[in-house]
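# Coordinate inspection notes
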Amino acid sequence: MTNEEYFVQLEPALAALAELRSQAIKLAAGMIGETLFSEDLFFGAAADRCIRLLDGFCMMLKERNLTCAGVLLRMQMDNCMRTYAAFIAEDKNAVVNCILKGDPIKNLKDKDGKKMTDGHLKDKVTELDKQFADVYNQASGYVHLSEKAFFQTVEEVEDGGKICFNYGHPLPEKRNDPLLESAAAYIHFVKLQFRMLQAVADSKQRYDAEEHNDDLEED
């Protein structure tokens, strides 16, 4: 795929990401609602992190920076895991307070009494989305120095076994397909997180409605 073809195919993905950004802001407002609890700060921060990562991801797609796009995809998947931790936790408030204080949640337990390590959270989210674990493992290769870093440096292998390396030069056009694949995956996992956050927004709307009705009855 040529770079010209890449940018043509990228446009719908960028439009979809822009729409998701707008939805994230509306979700955040819905989760805050008319009242404010500590868990709202947690879920609001998760929504904001999604927005900030999304902005950076779009820039990396435009720059054709596959390494950074892969890292940001992995971070969005981490966003899904941390958000879901609050749903499956033995004590949701403990998770919220832990995150807000900047402490790790790996020693906290879920409703089944299992510690919520990254590995366990990955498995739990995979129960919601079957492709999560595989994509997570692939994206982690961009976070750590791995075989992905090596293979990206290999431009081509010429006749006679001569290898041409690419260090710091523009990404070869043959990497355009993985870039578009990362865009599709990113959109998918933003939507996965939105499913979780929408449940929070719906719950807050019901709570605010009940509080409003109680106020009317008192009047």
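Below or above, wherever it landed, is the structure these notes cover. In this text the structure is predicted, and so the values were computed from the model without any measurement. (Residues numbered from 1 in each chain as written. Predicted model: local features only at pLDDT ≥ 70, side-chain atom pairs only at ≥ 80, totals over all residues. Heavy atoms only, no water.)

## Re the nonpolar core
Residues Leu17, Phe57, Leu61, Leu73, Phe132, Tyr186 and Phe189 are the most contacted members of the largest nonpolar core, which totals 59 residues. Mapped onto this core, the elements with two or more residues apiece are helix H1 (3-32), helix H2 (38-63), helix H3 (66-88), helix H4 (92-101), helix H5 (118-128), helix H6 (132-143) and helix H8 (176-218). A per-element tally of this core places H8 first, with 14 residues. Ignoring any residue separated from it by four or fewer positions in sequence, one finds Phe57 in contact with Leu17, Ala69, Leu72, Ser182, Ala183 and Tyr186. (Core = buried A, V, L, I, M, F, W, Y, C linked by side-chain atoms within 4.5 Å. Buried < 20%, exposed > 50% of the residue type's maximum accessible area, 1.4 Å probe, protein only. Helix = DSSP H or I, 4+ residues; strand = E, 2+ residues; numbered from the N terminus. Contact = heavy atoms within 4.5 Å.)

## Structural notes on the side chain of Asp110
Mapping Asp110 onto the fold places it in the loop between H4 and H5. Buried charge without a salt bridge: Asp110, with Lys124 as the nearest opposite-charge side chain at an N-O distance of 4.9 Å. Among the polar contacts listed, one links the side chain of Asp110 to the backbone nitrogen of Asp112, at a separation of 2.9 Å. A distance of 2.6 Å separates the side chain of Asp110 from the side chain of His120, its partner in a polar contact. (Lys, Arg positive; Asp, Glu negative; His and termini not counted. Salt bridge = Lys/Arg side-chain N within 4 Å of Asp/Glu carboxyl O. Polar contact = N/O pair within 3.5 Å; in protein donor to acceptor, adjacent residues only side chain to side chain.)

## Quick notes on H4
Within the span of H4, buried status applies to Val95, Val96 and Cys98. Considered in projection along H4, the buried side chains sweep an arc of 165° and stay on one side of the axis. As for H4, its buried residues are in contact with H2 and H3. Put simply, Asp91 is the residue that caps the front of H4, since its side-chain oxygen is 3.1 Å from the backbone nitrogen of Asn93. Of the residues one or two after H4, Gly102 is the one with positive phi, at around 85°. (Arc of directions from axis to C-beta.)

In short, shape yes, function no, at least from these values alone.
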